[in-house]
Amino acid sequence: MPRRTDLKSILLLGSGPIVIGQACEFDYSGTQGAKALRQEGYRVILVNSNPATIMTDPEFADRTYVEPLTPEVVEQILRREKPDAVLPTLGGQTALNLALEMESRGVLAELGIELLGARVDTIHKAEDRELFKALVEKLGLRCPRARTARTLEEAHEALKEVGFPVILRPSFTMGGSGGGVVYNREDFDSAILWAFQQSPTHECLVEESVLGWKEYELEVIRDSADNFSVICTIENIDPMGVHTGDSVTVAPAMTLTDKEYQRLRDASRRIITEVGVETGGANIQFGVNPDNGDFVVIEMNPRVSRSSALASKATGYPIAKIAAKLAVGYTLDELRNDMTGTSAAFEPTIDYVVVKAPRFAFEKFPGADPRLTTQMKSVGEAMSIGRTFSEAFQKAMRSLEIGRDGLDSLLDRVDYPRLAQQLRLKSVGTDESSPLSEIPLLATRPGTPGSVSAADPRAPGIHAKEISPDQVHPHQGVPLGELRRAIADIIQTPLAERLFYLADGFRVGLGIEEVHDRTKIDPWFLHHLRSIALKTNRGPTAEHNPQGETLFYKVDTCAGEFEAKTNYFYSTRSRGGTLGGPAAGNPVSEATVADDKPVMILGGGPNRIGQGIEFDYCCVHAAFACRELNIPSVMVNCNPETVSTDFDTSDRLYFEPLTFEDVMNIVAVEQPRGVIVQLGGQTPLKLAVQLAEAGVPILGTPADAIDRAEDRERFDALLEKLKLKRPPGNTATSVEQALQVTKDLGFPVVVRPSYVLGGRAMEIVHSGDDLMRFIQAAFDAVRGAASQTILVDRFLQDAIEVDVDCVCDGKQVVIGAIMQHIEEAGVHSGDSSLVLPAHTLSESLLDEIRESTRAMALELGVVGLMNVQYAVQGDDVYVIEVNPRASRTVPFVAKATGFPLARIAAKVMMGHSLESLGYTKEIIPTHVAVKESVFPFHKFAGVDTLLGPEMRSTGEVMGIDQNFPRAFMKAQLAASTALPEKGTVLLSVRDGDKPSICKVAQRLQEAGFSLVATRGTADALRQASIEVDVVNRVNEGRPHIVDMLRNDEIHMVINTTEGARAIEDSKSLRRQTLLSGVPYFTTAAAAEAAAQAMQEAQKGPIQVRSLQEFAATAG
Amino acid sequence: MTNSSVSNLDQPPAHPPTPGWIALADGTRFPGTLFGALNPSILEAGGVQSVGEAVFTTGMTGYQEVLTDPSYCDQIVTMTAPQIGNTGINGVDNEASRSHVSGFVLTEPSPRVSHWQSDQSLHSYLVNQGVAAIGGVDTRALTLHIRTHGAQMAVLGTGDFDTLVDHARGAPSMEGRDLTGKVTCKEVHAWAEGTQGWWDGVDAIKGLQGAQPHVVVIDFGIKQNILRRLVDHGCRVTVVPSTTSSADILAHRPDGVFLSNGPGDPAAVSQGVKTVQELLGKQPLFGICLGHQLLCLALGAQTSKLKFGHRGINQPVRDEATGRIEVTSQNHGFVVDVPSLPSGVQMTHVHLNDGTCEGIAHPESQAFSVQYHPESSAGPHDSGYLFQRFVDAMTGQSVK
């Protein structure tokens, strides 16, 4: 059936902020969807609260609502826009849930809006575990057996059905705490009683253990004519029990016979048909018993998912785009394969191996349980393509940017005997204060150069037979036999670094069989991992390609059967071309030497905290800029979730790690007129100097200017020249020196490593009690780095932080925006909420900031973007940091002001003046935009939610409205913090905040809230004649504040604190607040903003407005 | 406990890995490392280990099925999927009792077997079957070359390039070669084994069958899964050699006759075409692949050689009657020319990528056939309905 003509307008739901488990992949799918629908001539209305997305660029839709993704708001937009249909299958779980809610509210029926892509019963059948299980069983397939038990008797009944080994999953616990595997009857009773105790509902799921089974995912699509294709099959290296998002995965499946695979394909087809996905993509997960091929159905997503993005990048088949077209009526045979021009109704086949590896951020969340479970904990991922598994795997490790070239040895830095000991302790009790958190499970340290490899003479040889078990390991200090046992014990537990640990196991003589017994990782993978670890991975290919010449091959969906017109490349060294005389030709690279002098854009690599979608947004805009200027563009990136790695974003895409060597190989082929390094975050910026030294032209700001901004002494000289202030401070290379600097400055001080990303190991120290600890931590963080220096600066108490983004063409500077942080200085700028335009700074201060920014940009010779962070204390403006590159706020500024800063900057880098681009003055909108950060605290049990100088947010949302309180309210709502309309607010603040909190309390009281406070705070409030009840702190007897929270007697919490002791004391309050889902604010400034918003809320409900409408009326 | 999936089944190779080449008739040579069954004396002196038509197949699973598919007779088969041999060789995935390929070309032969069913490694199987192979080849470069310059004769070997290339040039091309005699069975025999639990819905199909239709299968090099699927559908199966006369076939009193797949140029299988002509209209006929081409030739159509063929398990075919798309398993170098189809012959299936003929029906004589492999193995199970269609024809339901 061709495209439907009965539909005119379609509303596309986005997925909101980047959170763990829902990242840029939905920007990729949403952008593809929006593009496809507009190509088909539909009016597209888009809703997404995340301003850092490409999909929310106003040009991708007719109406773009950057509004909270809540049922109320979406309903309002539906009523306002009255679309003919809603497409919810490209926006993750968020969009699907919203669609269900709209249906159950009757809004869709009332307005006559059709749901495209998935029917309501389809969503229910796939998402409701009971319904899904029944459906699977009806098809003669099976899910793991499971029963819920509430009593010991019920548990014994369940056990009869399920059999050993059994998994216990207590209901409603965070991170699966209290659960585990039980192998025998002897342990069962105590384990189940423990599990009951852990569950707030005293319930536990008794489930058949398929731990250790092989795990597969099939990415499938189906159309309204019942045509069905498997786009990609993905095999997890980690067997069942580790979330697929946290597992290293491989495509295509490596260890299935065709009969086994086709059985999964048949099952997928029957399930998707029975569930009723008729127009679009889905993914289905299976567990396969490695001993007999039996399989179970784990779950299904009736929508495009993270794995769909991976499958699209892995095969070249654009699932989201095809899904969008199927949703509007096309059938697969009516669509073409963009790459080859052949039919889209086929199954991609690939002639390479794809490896995806997760990137973790446990170092940001001390106290978090680092064990990998069925709940996803990774914050990003890298994908790599190689001609063989070994090649792809090593490229993936390189792509992660965790300081590894491959399976590097950690024998010199991980204390294996101790780790084994701690894991043993951990498996006994499962309280939140895990001893695991004390050890650096992620052993990487920033800037750590290469490590001890098997080739190191100090490390024991690679031939297991030659190693005596009594020989003491030089780094580990224990006999090898003991070390082997320790590693064998450790690898039983899935941890972020497990593959590195088991590689070390191989190095000290563990065998494949033993590692398989402990990990259940398929021996096929272990064989290859062992070869990599022992560097015996010499395929028959090596001798024919001794120079290791790098060749580029195409991703073409068809293993070379048809010619691909598109230019999507990966590199390989495994083997090249033909051999022989002239007739035979030389090694063949499919990326022929270009003579069109392209612009090369270096992307940001895997998402991590501090470097996420914002930078991908900027890189994509550089590609757009090239297109507008008719300059060929070349994109280099390795993050499969992104829009930048869509093969039609740029003219040529290289899916490659972002290391110097990998980039230079591409430079050699492409001979670019220049490389853009300032848009992809730290990843490409770090390469700038090396690239420049290698003679590669850097577009825009020269590498030396970057160094001038980063080098402390050179930067100080620059500030002095311009007569600008920075907070007093100094560098230190020893603990003694750091103590002296602190003494000179006086408390409070900020202690941090000289090289920081996302505020790693940065602390504000208020007293001598904590000083030593934090100085030590900062030195730990720079150990192994090129410069073992830490910085100690005076902390500017109660200062207001300001972020400025500007574009400079070398002659002229245009301020993109001045943004005021809502939280005071001390909270990492990436975690702070900010408001645009700055709402409380005087015009003269703003002018001073503008002037300083201009002066620095011109002095540095910036060509492109520059970001400055200032701290304003009273009337004094201090420069905190200058980054001559794209900042995290660039997309936010673009959405708030309507000017695509990154695209303008890219054009400036390509030689255009701001004047010629018609961008010559700062845009100060008449509306207000607030950016709020989103945190993954829910995923990490036991982690303190207090904001600080270490960045921990994964994503952001924007609230945009006519005034600050309303914009702030929207931002909070979008960040899942629904401010209460009535009820009780708890206040407990540090002494310094007591004056300002009185004003907050006043506002809340005026808005009709009742107040409770801890003793000291209550005293202060009463002195200001504010009525308040006193509540006990946790250590003051019961009932205390946590009790009140548990009883749902508190509806919002304002808690500020300082000093290690007080912070520790109040941590349980913040955790309980999080668990209770109560809005909380940990700074007085944010509390003030919230109070204003709550007052404003009483004037009327949220009003929605599209970006296009804001632009029409903007300043 | 010994876990069967853990034990490494690889045996030490009979000879050290030897650098060698696949050399094509057009003078192009690709280096690699020879393994499998190699002639040691030739290895020493340098020379040709095996000769065949260089083709590629794009399936990512099912290398054992490829190795044992008789239609690959006299071909040097390149697997475009890079990791081959991972699941070893087992007793249930065979399509014939032995391998008929003349050479096997791989990127990375698996150094490790990991599969519960496996009873030997790829290498040891190739040694046992006398098949020469070459690993470490840039199979993508080779595939692109074949795509661009066409399937052509090739050799695996060592030593002087020119000698190897000359040998490839001198080898007879696929065109005009009847290879069915090399792969057909020697004796008439019955077949009673089904797919043994690997197929969905077999019990349901069997439950529906009343009488057991008797199918005589003319074996031009049949893949055993066709026989299994016929049994799954309740058929009593008698397999006869390719040279069996129509009279002898009819003497078996079949309810239908099945024309199997097989290797080589269909136009050269003149006796087969004659037999089919004589059977037309006598009983329902169903042909697959070569069987399809023979039926079309018998009906008066012509065949020709494709540049590099259709080989893979992802080939999209549209059923013209229903408009539905089947993802099919294919292995053919020749094709029935659409314009040559005589009147009375309907084109029932068309290849979505190049519009070639993938299936026909001749209602007048209750005959139908497909170019692709509805028995799958390897490949998706989308087209199994054709076996039911055959059964329906034999049991008195009309061919749709």
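This one's a predicted model, so the numbers in the text were calculated from it and none came from an experiment.

(A) Representation of the overall build of chain A in the model. Looking only at helices and strands, one finds 36 helices and 38 strands in chain A. Over its C-alpha atoms chain A spans a radius of gyration of 29 Å, differing by no more than 12% from the 32 Å that the globule rule assigns to 1115 residues. Projected onto its principal axes, the C-alpha coordinates of chain A cover approximately 80 × 75 × 75 Å. Within chain A, contacts between residues at least 6 apart in sequence are counted, and of these 71% link residues at least 24 apart.

(B) Local environment of the overall build of chain B. A count of helices and strands for chain B gives 12 helices and 21 strands. Compactness check: chain B gives a C-alpha radius of gyration of 21 Å against a globular reference of 21 Å for 400 residues, within 12% of the reference. Overall, chain B is about 60 × 55 × 40 Å in size when its C-alpha atoms are taken along their principal axes. By residue count, 64% of the 400 residues in chain B fall in the buried class.

(C) Here's a closer look at the interface of chain A and chain B. Opposite the 59 residues of chain A that make contact, chain B presents 59 residues. Breaking the side of chain A that touches chain B down by element, the ones donating at least two residues are helix H9 (258–275), helix H16 (512–519) and helix H17 (523–533) of chain A. Counting residues per element, the side of chain A that touches chain B draws most heavily on H9(A), which supplies 7 residues. Here the residues of the side of chain A that touches chain B are counted per class, giving 22 nonpolar, 21 polar and 16 charged.

(D) Looking closely at the sheet that holds strand S23 (residues 729–732) of chain A. All names here are of chain A. Strand order in the open sheet formed by 4 strands is S23-S26-S24-S25, and the pairing between neighbours is antiparallel. Of all the strands in the sheet, the pair left with one neighbour each is S23 and strand S25 (763–765). Strand-to-strand twist across the sheet, computed as the mean angle between neighbouring axes with direction ignored, equals 25°. The sheet contact formed by strand S24 (residues 749–753) and S25 spans 3 bridges and is antiparallel. By the bridge assignment, Val 751 is partnered in S25 with Glu 763. Packing of helix H24 (residues 735–745) onto the sheet brings it into contact with S23, S24 and strand S26 (790–794), and relative to S26 it is tilted by some 10°. Of the strands in this sheet, S24, S25 and S26 touch helix H25 (residues 768–782), which is tilted by about 25° from S24.

(E) Inspection of the sheet that holds strand S20 (residues 357–362) of chain B at higher detail. Residues and elements named next belong to chain B. Ordered by their spatial adjacency, 10 strands build an open sheet running S12-S14-S13-S15-S16-S21-S20-S19-S17-S18, and the pairing between neighbours is mixed. Single-partner strands in this sheet number two, and they are strand S12 (189–191) and strand S18 (325–336). When strand polarity is set aside, the average angle formed by the axes of neighbouring strands in this sheet is 25°. By the bridge criterion, 3 bridges tie strand S17 (residues 303–319) to strand S19 (residues 346–351) in an arrangement that is antiparallel. What sits directly across from Arg 318, in S19, is Val 350. In the packing of helix H11 (residues 290–298) onto the sheet, the strands contacted are strand S15 (256–259), strand S16 (285–288), S17, S18, S20 and strand S21 (367–370), and the crossing angle to S16 comes to about 125°.

(F) Geometry of the domain arrangement of chain B. All names here are of chain B. Under the domain assignment used here, chain B contains domain 1 (7–170) and domain 2 (180–395). Centre-to-centre separation of domain 1 and domain 2, based on C-alpha positions: 28 Å. Contacts between the two partners involve 22 residues from domain 1, matched on the other side by 23 residues from domain 2. Breaking the side of domain 1 that touches domain 2 down by element, the ones donating at least two residues are strand S3 (47–57) and helix H4 (139–149). Broken down by element, the side of domain 1 that touches domain 2 gets its largest block of residues, 3 residues, from S3. Of the residues contributing to the side of domain 1 that touches domain 2, the split by class is 8 nonpolar, 9 polar and 5 charged.

(G) Quick look at the confidence of the model for chain B. Residue and element names in this part refer to chain B. Averaged over all residues, the pLDDT of chain B is 93; the fraction at 70 or higher stands at 94%. Long-range and interchain partners of residues 1–12, a stretch whose pLDDT sits below 50, account for 23 contacts in this model, where long-range means more than four residues apart. Here the predicted complex scores 0.93 on pTM and 0.96 on ipTM.

(H) Examining unusual backbone geometry more closely. All names here are of chain A. A cis amide bond, omega -15°, links Phe 164 with the succeeding residue Pro 165. With respect to the secondary-structure elements, Pro 165 resides in the loop between helix H7 (152–162) and strand S7 (166–170). Residue Phe 747 is joined to Pro 748 through a cis peptide bond whose omega torsion reads -10°. Its place among the elements puts Pro 748 in the loop between H24 and S24.

(I) Representation of helix H3 (residues 92–104) of chain A within the structure. Residue and element names in this part refer to chain A. Helix length check: H3 (13 residues) gives 19 Å between terminal C-alpha atoms against 18 Å at 1.5 Å per residue, within 8%. Within H3, burial applies to Gly 92, Thr 94, Ala 95, Leu 96, Leu 98, Ala 99, Met 102 and Glu 103. Looking at the residues trailing H3, positive phi occurs at Gly 106, about 80°.

(J) Quick peek at the packing of helix H10 (residues 270–279) of chain B against H11(B). All names here are of chain B. Put simply, H10 and H11 touch, their axes get as near as 8 Å, and they point 65° apart. In terms of axis orientation, H10 runs roughly perpendicular to H11. Between H10 and H11 lies a crossing of right-handed hand. Counting all contacts with H10, which are made through Gly 272, Val 273, Val 276 and Gln 277, the residues of H11 involved are Leu 294, Leu 295, Leu 297 and Ala 298. Looking at side-chain class alone, the contact of H10 with H11 contains 6 nonpolar, 2 polar and no charged residues.

(K) Geometry of the nonpolar core. Ranked by size, the top nonpolar core spans 404 residues in total, and within it A:Ile601, A:Ala622, A:Ile676 and A:Ala902 carry the most contacts. Broken down by element, this core gets its largest block of residues, 11 residues, from helix H18 (residues 613–628) of chain A. Core analysis: the second largest hydrophobic core is formed by 54 residues, B:Ile134, B:Leu144, B:Ala151 and B:Val165 among them.

(L) Here's a closer look at the environment of B:Gly135. Mapped onto the elements, B:Gly135 comes out in strand S10 (residues 132–135). On a C-alpha basis, the gap between B:Gly135 and B:Gly181 in space is 30 Å, while along the polypeptide they are 46 residues apart.

(M) Local environment of the environment of A:Ser229. As for its position among the elements, A:Ser229 is in strand S11 (residues 228–236). Note: C-alpha distance between A:Ser229 and A:Phe346 (117 residues apart in sequence) is 6.3 Å.

(N) Focus on the packing of helix H31 (residues 994–1006) of chain A against helix H35 (residues 1084–1097) of chain A. Residues and elements named next belong to chain A. Between H31 and H35, whose axes approach to 9 Å, the crossing angle comes to 20°. It follows that H31 is roughly parallel to H35 by the angle criterion. Between H31 and H35 lies a crossing of left-handed hand. Listed contacts from H35 to Ser 996, Ile 997, Lys 999, Val 1000, Arg 1003, Leu 1004 and Glu 1006 of H31 are Ala 1084, Ala 1087, Glu 1088, Ala 1091, Gln 1092, Met 1094 and Gln 1095. Broken down by class, the residue content of the contact of H31 with H35 amounts to 7 nonpolar, 3 polar and 4 charged.

(O) Fine view of the pairing of strand S16 (residues 380–386) of chain A. Residue and element names in this part refer to chain A. S16 sits mainly inside the fold: 7 of its 7 residues count as buried. Side-chain alternation along S16 places Gly 380, Ala 382, Ser 384 and Gly 386 on one buried face and Glu 381, Met 383 and Ile 385 on a second face that is also buried. Where strand S15 (residues 353–359) lies against S16, 7 bridges are found, and the strand directions are antiparallel. Bridge pairing links Val 353 to Gly 386 in S16.

(P) Here's a closer look at the pairing of strand S13 (residues 280–288) of chain A. Residue and element names in this part refer to chain A. Judged by how many residues are buried, S13 sits mostly within the fold: 9 of 9 residues are covered. The pairing of strand S10 (residues 214–222) with S13 spans 9 bridges and is antiparallel. Considered in S13, the bridge of Glu 215 is made with Gly 287. In this sheet, strand S14 (residues 295–301) lies alongside S13 in antiparallel orientation, the contact comprising 6 bridges. Opposite Val 288, over in S14, you have Phe 295 as the bridge partner. Here S13 folds back onto S14 in antiparallel fashion, the turn holding 6 residues, of which Gly 293 has a positive phi close to 80°.

Rules used in this analysis
- Residues numbered from 1 in each chain as written.
- Chains lettered and ligands numbered in written order.
- Predicted model: local features only at pLDDT ≥ 70, side-chain atom pairs only at ≥ 80, totals over all residues.
- Helix = DSSP H or I, 4+ residues; strand = E, 2+ residues; numbered from the N terminus.
- Rg over C-alpha atoms; globule rule 2.2 N^0.38 Å.
- Contact = placed C-beta atoms within 7 Å.
- Buried ≥ 20, exposed ≤ 12 C-beta atoms within 10 Å, placed from the backbone.
- Nonpolar A, V, L, I, M, F, W, Y, C, P; charged D, E, K, R; others polar.
- Pairing = 2+ DSSP bridges.
- Axes fitted to C-alpha atoms, helices over the stretch in contact; angles between N-to-C directions.
- Domains from an automatic or database assignment.
- pLDDT = per-residue confidence, 0-100.
- Expected span 1.5 Å × (residues − 1).
- Parallel < 35°, antiparallel > 145°, perpendicular 65-115°, else oblique.
- Left-handed = near helix turned anticlockwise from the far one by under 90°.
- Core = buried A, V, L, I, M, F, W, Y, C linked by C-beta atoms within 7 Å.

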